[in-house]
Every structure is written in structure tokens, then in C-alpha cells.
Amino acid sequence: MHFNSRPRKRVLFGVVLTMGFMLVDLWTSTRAQEDSKEQSRESAEEILVTGSYIRRKDLNSPAPVTILSQAELEAAGLVQIGDILQNLPSQSNAINVQRNNGGSGSVRVSLRGLGAERTLVLVNGRRHPYGGTGTDSSVDLSAIPSAMIERVEVLKDGASSVYGSDAIGGVVNIITYSDFEDTQATGYVGVSTQGGGRTYDLSVTTGLNSDRGNMVFSANYVEVEPVWAYQRKWSNHVRQFGDDVWECLETGTNAECELWHGSTYVPEGYIKDRHPEWEGNDLWKSITTGKPNEVYSGRGGWHVFDNGGTSDPKDPNQGDLYNYQPETYLYTPSERYSLFAIGRYRFSDKISGYFESSYTNRKSKIKLAPGTIDTKNENILVSADNMYNPFGRDFELIRRRMVEAGGRRYLDDNGTFRLVAGFDGALPDFLGPFSDWHWSTSWQYGITSSNRIKQGFFIQDRLAAALGPSFRREDGTWGCGTSKADEVEKCVPLNFFGGYNQETRMGTISSEMLKYISYAGTHRGFSDLTSITAQTSGSLFEIPFGGPLGLALGYEYREEAGGSLPDPLTAGDNTTGNSDSSVEGKFVVNEFFSELSIPLLSDFPAVDMFELSLSVRTYNYSSFGTGATYKAGARWQIMPYMALRGTYSSAFRAPSISGLYSGQSDSADYVTDPCSEPANSYIESRCRAEGVPDTHFDDRTQILTRKGGNPDLEPETAKIFTVGLVVEPPQIEGLSITLDFFEIEIDNAMMTIGSKIIMNNCYSNQEINDPVPYCNLVIRDNTGYILQIDDKITNIGGASTQGLDFQARYDLQTASAGRFGFNLEGTWLHRYQETQADGTVVSSLDLFDLGVYPSLKANFSVRWGYDNFGVGYNLRYIGSIEECRNNNCVISEDAEYDPNDMKTWSDGHFRRDVDANVTMDLYASYILDNDFGTTRMTVGINNLLDQNPPLIYNGTQSQSSAANYDYMGRFLYFRLAQTF
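Residues numbered from 1 in each chain as written. Predicted model: local features only at pLDDT ≥ 70, side-chain atom pairs only at ≥ 80, totals over all residues. Heavy atoms only, no water.

## Overview of the overall build of the protein
Right, on to step 1. Across its full length, the protein holds 15 helices and 49 strands.
Right, on to step 2. Element-wise, carbon and sulfur atoms account for 54% of the exposed surface of the protein, whose accessible area totals about 41,100 Å². (Helix = DSSP H or I, 4+ residues; strand = E, 2+ residues; numbered from the N terminus. Areas by Shrake-Rupley, 256 points an atom, 1.4 Å probe, with all protein chains shown as cover.)

## Some remarks on the sheet that holds strand 14 (residues 303-304)
Right, on to step 1. With respect to topology, 5 strands assemble into an open sheet ordered 14-13-12-19-18, the strand pairing being antiparallel. Only two strands of the sheet have a single partner each, and these edge strands are strand 14 and strand 18 (372-374).
Right, on to step 2. Bridging between strand 13 (residues 296-297) and strand 14 involves 2 bridges; their strand directions are antiparallel. Among the inter-strand pairings, Y296 is bridged to a residue of strand 14, identified as V304. (Pairing = 2+ DSSP bridges.)

## Re a nonpolar patch on the surface
Right, on to step 1. Taken together, F430, L431, F434, L540 and F541 make up a surface patch of nonpolar side chains, about 500 Å² in accessible area.
Right, on to step 2. Its location among the elements puts L431 in the loop between strand 20 (407-426) and strand 21 (438-458).
Right, on to step 3. L431 sits in the partly exposed class, given a relative accessible area of 34%. (Patch = residues over 30% accessible without salt bridge, like charges linked within 9 Å, V, L, I, M, F, W, Y side chains within 5 Å. Salt bridge = Lys/Arg side-chain N within 4 Å of Asp/Glu carboxyl O. Buried < 20%, exposed > 50% of the residue type's maximum accessible area, 1.4 Å probe, protein only.)

## As for the state of the cysteines
Right, on to step 1. Tallying each qualifying case throughout the model produces 3 disulfides.
Right, on to step 2. Paired through a disulfide, C480 and C491 show a sulfur-sulfur distance of 2.0 Å. What sets the handedness of the C480 and C491 disulfide is the S-S torsion sign, and at about -70° it is left-handed. Taken as a pair, C480 in strand 23 (residues 478-480) and C491 in the loop between strand 23 and strand 24 (500-501) lie far apart in primary sequence, 11 residues in all. (Disulfide = S-S within 2.5 Å.)

## Remarks on the nonpolar core
A general trend in soluble globular proteins is that nonpolar side chains are found buried together.
Right, on to step 1. With 33 residues, the main nonpolar core has L114, I168, I746, M759, Y763 and I789 as its most contacted residues.
Right, on to step 2. For this core, the secondary-structure elements that each account for two or more residues are helix 13 (681-689), strand 34 (716-727), strand 35 (735-747), helix 14 (755-764), helix 15 (772-775), strand 38 (786-790) and strand 41 (818-835).
Right, on to step 3. Here I168 is in contact with L114, R118, G158, A651, F652, R653, E716, A718, I720, I744 and I746, once residues within four sequence places are set aside.
Right, on to step 4. Formed by 26 residues, the second largest nonpolar core is a distinct cluster that contains I380, F391, A465 and I509. (Core = buried A, V, L, I, M, F, W, Y, C linked by side-chain atoms within 4.5 Å. Contact = heavy atoms within 4.5 Å.)

## Some thoughts on the sheet that holds strand 32 (residues 665-670)
Right, on to step 1. Taken in spatial order, the 4 strands of this open sheet run 32-33-38-37, and their pairing is mixed. Looking at strand neighbours, the two that pair on one side only are strand 32 and strand 37 (778-780), the edges of this open sheet. Between one strand axis and the next, the sheet turns through 35° on average, direction left out of account.
Right, on to step 2. As defined by bridge partners, strand 32 adjoins strand 33 (residues 702-707) across 6 bridges and the pair is classed as antiparallel. Across the sheet, D666 pairs through a bridge with R706, a residue of strand 33. (Axes fitted to C-alpha atoms, helices over the stretch in contact; angles between N-to-C directions.)

## Some details on the packing of helix 13 against helix 14
Right, on to step 1. Two elements in contact, helix 13 and helix 14, have axes separated by 8 Å at closest approach and are oriented at 95°. As judged from the angle between their axes, helix 13 and helix 14 are roughly perpendicular. Contacts between helix 13 and helix 14 involve Y682, I683, R686 and C687 on the former and, on the latter, C762, Y763 and S764.
Right, on to step 2. In terms of residue class, the contact of helix 13 with helix 14 is made up of 5 nonpolar, 1 polar and 1 charged. (Parallel < 35°, antiparallel > 145°, perpendicular 65-115°, else oblique. Nonpolar A, V, L, I, M, F, W, Y, C, P; charged D, E, K, R; others polar.)

## Let's talk about the packing of aromatic side chains
Right, on to step 1. If you walk through the whole model with that rule in mind, you get 33 aromatic pairs.
Right, on to step 2. Where Y270 meets F305, the ring centres are 4.8 Å apart and the plane angle is 55°; that geometry is what we call tilted. On the criterion of sequence distance, the pair formed by Y270 in strand 12 (residues 270-271) and F305 in the loop between strand 14 and strand 15 (329-331) is long-range, its members being 35 residues apart.
Right, on to step 3. Aromatic pair F347 and F423: ring centres 6.2 Å apart, planes at 40°, arrangement tilted. Remark: F423 occurs in strand 20 and F347 occurs in the loop between strand 16 (334-346) and strand 17 (351-370); sequence separation between them is 76 residues.
Right, on to step 4. Classification of F423 by relative accessible area gives partly exposed; the value is 42%.
Right, on to step 5. Aromatic rings pair up to connect F587, Y619, Y621, F624 and F652 into one cluster.
Right, on to step 6. Lying over the aromatic face of Y785, K376 brings its terminal NZ or CZ to 5.4 Å of the ring centre.
Right, on to step 7. The ring of Y265 is capped by R399, whose NZ or CZ atom sits 5.0 Å from the centre of that ring. (Phe/Tyr/Trp six-rings, centres within 6.5 Å; stacked < 30°, edge-to-face > 60°. Lys NZ or Arg CZ within 6 Å of the ring centre and 35° of its normal.)

## As for unusual backbone geometry
The general pattern is negative phi for most residues beyond glycine and trans for most peptide bonds.
Right, on to step 1. Even without a glycine there, the phi angle at D573 is positive, about 55°.
Right, on to step 2. Among the secondary structure elements, D573 is positioned in the loop between helix 11 (568-571) and strand 28 (583-604).
Right, on to step 3. Unusually for a residue other than glycine, N943 sits at a positive phi of about 55°.
Right, on to step 4. You can see N943 is positioned in the loop between strand 48 (933-942) and strand 49 (971-979).
Right, on to step 5. Classification of N943 as buried rests on a relative accessible area of 3%.

## Some remarks on the environment of V238
Right, on to step 1. Position of V238 relative to the elements: it lies in strand 10 (residues 238-239).
Right, on to step 2. With relative accessibility at 9%, the residue V238 sits in the buried group.
Right, on to step 3. Considered as a pair, V238 and Y324 are 86 residues apart in the sequence and their alpha carbons are 8.3 Å apart.
Right, on to step 4. What V238 contacts, discounting residues up to four positions off in sequence, is L259, W260, H261, N323, Y324, Q325 and Q959.

## Things to note about the pairing of strand 6 (residues 183-192)
Right, on to step 1. In terms of strand pairing, strand 6 meets strand 7 (residues 199-210) through 8 bridges, oriented antiparallel. Looking at the pairing, T183 lines up with T206 of strand 7.
Right, on to step 2. The turn joining strand 6 and strand 7, which pair antiparallel and follow one another in sequence, is formed by 6 residues; a positive phi near 105° is taken by G195.
Right, on to step 3. When strand 6 meets strand 49, the two strands line up antiparallel, connected through 9 bridges. Considered in strand 49, the bridge of G190 is made with Y973.

## Section: the side chain of R418
Right, on to step 1. Mapped onto the elements, R418 comes out in strand 20.
Right, on to step 2. Within the structure, R418 has its side chain in polar contact with the side chain of Q444 (distance 2.7 Å).
Right, on to step 3. Residues within four places of R418 in sequence aside, it is in contact with V123, R126, R127, H128, P129, E356, S357, S358, Q444, Y445 and G446. (Polar contact = N/O pair within 3.5 Å; in protein donor to acceptor, adjacent residues only side chain to side chain.)

## A short note on the pattern of salt bridges
Right, on to step 1. Within the structure shown, the criterion is met by 46 salt bridges.
Right, on to step 2. Of the charged contacts in the structure, one is a salt bridge between K363 and D413, with a shortest N-O distance of 3.9 Å. Residue K363 is located in strand 17, and its partner D413 is located in strand 20; the two are separated by 50 residues in the primary sequence.
Right, on to step 3. What makes D413 partly exposed here is its relative accessible area of 29%.
Right, on to step 4. Shared partners join several salt bridges into a network, and the residues in it are K272, D374, R399, D698, D699 and R700.

## Some points on the pairing of strand 27 (residues 548-565)
Right, on to step 1. Where burial is concerned, most of strand 27 is hidden: 13 out of the 18 residues are buried.
Right, on to step 2. Judged from the 17 bridges that link them, strand 26 (residues 518-542) and strand 27 form a sheet pairing that is antiparallel. Directly across from T530, in strand 27, lies its bridge partner E559.
Right, on to step 3. Two successive antiparallel strands, strand 26 and strand 27, enclose a turn made up of 5 residues, where F545 displays a positive phi of approximately 65°.
Right, on to step 4. Relative to strand 28, strand 27 is paired through 15 bridges, and the arrangement is antiparallel. Bridge pairing in strand 28 places Y555 opposite F592.

## A look at helix 14
Right, on to step 1. For helix 14, a buried count of 8 out of 10 residues is recorded, marking the element as mostly surrounded by other parts of the structure.
Right, on to step 2. Every buried residue belonging to helix 14 is among S755, I757, I758, M759, N760, N761, C762 and Y763, and all of these are buried.
Right, on to step 3. Those residues of helix 14 hidden inside the fold are in contact with strand 32, helix 13, strand 33, helix 15, strand 37 and strand 38.

## A few points about the confidence of the model for the protein
Right, on to step 1. Mean pLDDT over the protein works out to 88, with 90% of the residues at or above the 70 mark.
Right, on to step 2. Taken together, the stretch residues 1-19 has pLDDT below 50 and engages in 22 contacts with residues farther than four places along the chain or on a different chain.
Right, on to step 3. The low-confidence segment residues 21-44 (pLDDT under 50) makes 27 contacts with residues lying over four places distant or belonging to another chain. (pLDDT = per-residue confidence, 0-100.)

See below:
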């Protein structure tokens, strides 16, 4: 591929040589003169705050920024920065390692719950390459070495005018160590008291400083063992979500109403095929005579399929459904190692060189229940002449879960490499008033490459041959075909009759049969980032009664490329798993940016300082064209202890490689067919209009949905407004209080219509003017059976959110009782809604329709330290929400309630409360000085009270929300850090 080119190898070789030169010089250099040290100290007084390129001497800015210190990161008791950031009140609904079905072992962050693709992640102020299985659109935080992180700055404001695309929900800037002087080795081990999840974290970090510069190197290894769904009582089966549950909830409790649910794809196999013209032999007639036209299962002999329970022996209501939960991960396992190096070398008082280099390799696993085969979906006819078919007739629809093959498995091997090299310093003296301006140039190259091996799936055309007609060879063995003349080479006839005995764990499918139809496919992908940046900043002149006018100017060139290449069987739609298409593309960006800091007034009554800030960025994308984005902000420091601040900005998100160039791929969306037992007369009429027979019945809860990219995509745009108050009362030293109101409006959003919306607007929504365009996206066969739903990404709809961030921090130093630290941080959400393809506005505030968006989320922490001993306590609160039947609370707003028809909607009758979730952590640490240096020991308990996640019937995994609640349970850990 292009990222292995020789020119880049030469660049890497040159950087390695430069690093070696710097290291030798740092070891041998001597102290510089005192004036040089004083100059370094003076230059260090000016810093960059996330969200600005203008250096300042304080952290005050018009935009709200939350800073997580190293102490706060360690207090979380977690080994991965992504897991820590996901606990922020301003973050919600991002993917993490608790996502098994549909997960990839990655961890993302989604500020404001607007999606990870709308949160920009930086490392030391620069973009990080996207992570995942190729052509991804957000950063995988597991690719950033946690051992090197000094602090994290979270800008909770739009910043496209400063950083460009993606900075709509906010910016996460991860700051690494740059002047570490010692050597520190750290070991961590943790385990859940409920079983599983054992975690190991080993790291070593060492640094070298001199008067000419510094260098820091770190190595890190992390291993996390899985948690299985069967290891938790709340996740070892699926609860039924149906009319009887809702009726029961009117008078009973959740426990009284709990019914087990499962899949109709069962190991025994069942036949849902009753073509009257295909009569079959006497054996088939003896099974079907006198029975209704329903489904028959092989468990305990042929009988009417029982949807009233599962075949799990622990199910109090025995039935035929398959309980797939025990064979799936609840917390996915992974193994990760990383290397990181950063260095700076001062060539002179005016010029320094610097570099950053990192590599992370992550191996992770996804494990799902054994694969399923639906012969109708796969367009396979089970032949009457198959050697194992005892019924003398063809079958169009047989479902079977292939437990003999084991579970479906995804093995991911991802590597992320990043290299930054550049120069910075001050402009030369001959430029007079500009000689104190700071300048910087940098070159960055980053790539994430991935290999995903999938197992437990089957080759479609081989299945067709193995389930087709069989014939007996002359030697008495059986082959596939009608005779030797048309025999399918190497084919082994497949037995779909007789089923699987769960007690003896013996089935009708042999290893020879599996060998013929099985395969292991390798999916390869990459996401590539190359950028060149140059910028300068400084003061132009003094504003009368104000201060120095600051200006920053810059240019950025960026090239993003990505590719995704599935295995040939998947790409050719010749597999029982979801099909996928290959994609590869790139785009080039040229951007110019400028920023002004205008201190208009200072040292006046009621105006300690009044500062305006303006920024603008123009961009040109090879993929869609040009545009501009801007931002205006103000900070009014009324007095030294009180300030008002606010911003108004535009932002945008450019189409990604996958959004532009992806072909068609499959998804098994959680959606049901409204024409299967229609809920009302309007749906009945719509189904008849679409040619669906009145006798149609389809009990699937997941339906094949085809998704894909769109080369005509335009960027989505946003308007962002914030206004806030900062108070640091002098009467209470160490206390600070911040309140920040925010509002974000997103238009022209890039999204799919959504399979549920397509189905609703075609069949259920009586308000829609023309349902036909939506019905055209639902592809049925001549019997009414849904073959697929077409759902391509496009610019439709939007999103809107509004709320108030609050934080109160108090640091207290006492002579006799030690040091105390209190911190309360939260988000009071006023609105979260999405405008969907049909113009419907769906609100998710305190509802589960779009995810978990409670009115209140908050974290509270207390820290106490005395001499070398410390204790801490963390509390995390996620407010209560409601969920509605079919995960659609919009319909229940105005619907009338019919007590005789439990399928109708009524506010209050088809909603249920999802309880607030509270988890608490406790930890203690002790520092011991010894002959080797300093030893720090920490012991902690996360989720002290072993709080389970709340039950959410509409939750797609374990009927809760993996993106928001803790699935691990009570977790004990011990950390030992030795500094030499």
C-alpha cells in the first residue's frame, strides 16, 4: 500500500538519526549560563490553552475548559484513558469495550452525546489518526498510551475555526509528559468480585533533561480478560418485551413480570414452511395433520413452536426459544502494548527541534453466539432429494443455529503508528517588534492498520450444494448432486434434520460437514493521516486602556486516506454473515486560519479585564469544495474573583472516507415487520397496499439492512452558543464555581434514515403525506417476506441539544488535618433531539429513544491527604429516564388508550421508569521513601456497592446500555509505582 513508500522510510530513518543525536548530546551536555535558564523560565510562563493558538499567561479564556490532572486520572482506578473520559458528565453514548455485538474492542468519546465523529481528539494539540477496522471517522482512545498522559484538557465548545472539521461537540486534548526526569515503573492488577475482567497493567517511563533539551520514553502493556454474560445474573438471559409485560407492569413489579425471551434460530432447527402444494410423504403428513399452520421444532419431537419461553433448563417457563446470552461476552478481552517517545532539543535561543513518536498494538476479541442459517434469507432450497431429508418434499424456509461450529468470533489486530517532527522558536531579532513572536512548523504522519479475522460463518454456495440433492456413489458413499455427472467436488451433504441435543451436546452436523461449509475470512483496513502545519503568534501593539493585541496566523495541509478490504467471500456476498464491499479513497485539505485576542479594557471599576476573541478558518476540500467557519468570544473579568464569558461560533464536519466511498454492506438491524399481526386497521390497509398477504407472519426481531456511502455528501454544519459565569470568592480561598450554558444546533446532518423510521413511515405513520418513497426501501418477495431494507447515508435531518454545565471545586489546606479536595461536576440537560428524515423531531431528554440522555448527570469526589497517606471517594450519578414500547415514545404523545387493545399507545400505560444509577468508588494510597527512591501504593474498590446497570428492555445488548453503565460490577485493584 502507499504507506510503505520509500520516501517515508527515508524520512523515518532521518528522524531516528536525529533522535540519536539528541540523546547523545543530552547525555554529554553541560549547564548553560544563568541568563539562558532565566530566558527559558520566562518563555515557559506563556502557555497554550486548548481552543486557541495565542499564548497567554493564565488559563482564562472565553470558552469553558475542564482540566483532568494526573492525580484525578489515577483516582479513577482505571487503566485506559477512554474509560475515564467516558465517565465525564458531558459525555454519553460512545462505544467502548462493553459493546460486544457490533463492537471492535475500541473506546471512543462523544461529548454532548452527539457522536464520537463530532468530538475532535488531539494529542499535544495535534490531530490523532482515526482508529478501527479501516475508513473510520473517530479516534480510538485505546491507541493512546495512558502511561504517558500528564493531563487532559476538555474544551466543551465548538472549535472548528481553530482546529477544523469534527470539533462540534467539543475537543479532547491529551497532553503527554515532556520533561519527565526520573524513572518510574508501575504495576496494576484488578479483578471483579462477580467473576471475570481480570486486568493487568505494566509500564515503565524514564526521562532525561539537560540545559539543551529533554527526552522521555515510555513502554506500556495492558491485558484485560473477558466477562461472560452468564457470569452476571442480570445478563444471563434476555427479558421479554411484549404486551403481557406492559399489562403486568400496571399492577405488578418488574420481578413479577419478568419473562425470558430468546431467538427463533434454535440449535434443533425448525421448519417454517407450509406450502400446500408441496405435500410431502406420509411421515410429513403424520407430523402436520391436525396441527395449525405454524412452526415446528425438533426439541423433544415435532410440535408447534412454543414462543412462551426458552429451552434453557433454568427458565421457569419452558419453551423453544434459544437463550444466546451465555455464549457472548459482556466485557470484551484485549491485549495491548505501546511505546512512546517525545523529545526536544534547543539548537539556539531562537530555534528548537522536537519530535513525538508512538506505536500501539491492540489485540481484541468479539464473541457472539453460534451462527445462524435462514435458508430463505440465503436463497437456498433444501431439496427433497437431500439424503438426510426424511419428508419427501422441498423446504424453502428452515432456520437452524449451528452450535456444532462454536460461536461467531472476531479477532482484531490493530496497530497505530504516529510520528511528529518539527521546529519552533522565536522570530529573529532583525524583525524588530515581531522578534518576540513565537513560530512553529510541524510534519505529522499517522496510520492505523487493522486485520480482523472472522470465524463461525459459512460459505453460501457450498451450503446450497450441501443442502441440495444427494446421490449414492458406487462405493456406497454419498455425494452432492443428482449423479456422478453433476457431482459437486469435495461437497459433503449437510444434515438439517434431527437437530442438536443440548444435554448430550451431540448434533447432526459432523466435523466433515463443517469443514466443507466453513471458512476463516480476513478483513484488512487502514486509516492514514499526513499533515503539515505552520503558524505564528504574538503581540501587534498595546491597546490604550487595555493590553497587547494578540494575533495568530497559520496554514495547515492535511491528507486523509483510508481503505477497507473484506475477504473475497464477504465482498462477493457469498457468506451467511453480513456482506461488505471494499472501499478505498482519500481527500486533501488546505486550510488557512487566523485568530485575534483583543483586550479592550483593563484596571477599570467593574472591569478588571474585558477581552474579545475572534477566529476564522477557511478550507478547501478536494472532496466537496470550499467554505469558512468562524468564532467570536468575550470574557469580562468584572473583578479578580468574578467573570462572565461567552462564545458564538459556526462549526462543520466533513464527510469521511467511508461516508463518501463505501459500497453496500449488511447490518442486522433491530426492527420488526409491522405487517406481522398488524396493530391497527391503518397498518392493515398499508400492508395490503404493498401486496402483503393477510396471513403473513414474521417473528424476526432483526432484519437485514443494506447500508452504504454517498459520493455526493456535503458537510454538516452547526451553530454553537455558550455563556458562563466564573466565581472564585476571596472569602473562601480555594473555592471556584463555574456555570456554563450551552446550545448546539446541527443542520444537514450526515446520517442514514434508519430502518425503524423507514418501516414506521411506510406502514404506521398516518401523518405522512407520501409513504411510497419509504416503502420503496423495503424489499419483499412475492410472499411478503422482507428480504432487506435499503438505508444509504445522506444529508438529512439534524440534531439539537441545550443544557447547563456546572462545577464547584474546593481545595483546603490545613496545618493539622492535612489537605482536602472536593469537586462536584455535572450537566443539567434541557434538550436533546434529532430531526429525522421525514421531518419528525424526536426528543430523547429523559427518554431512551435515541440513547441515554437524562436531565442530570454528575460526578462528586472527595480527596484527603496527610503526610504520605491519602484517601479518596468518587460518586457517579446518572439520572432516571423512561423507555417506551418499540423504543418509540413519540407515538405515545397523543394516542388514545384502548383498555381492550394492549397494542394501542397511551402516555403512562406504555412507558416504564428506568431507575437512576449511582456507583461509588473508594481508594487509599501511601507513599514510602526508601533507598531505591519513592514507592507509591494504591488500593481501591470501584463500584463499591456492586450496583448493577438498570434494566432497559430496548437495550440492544443485555438489555441495558453498554455505552453508559458499568457492566463489570464491584472491582478490586492494587497499583504499585516505584520511582527511581
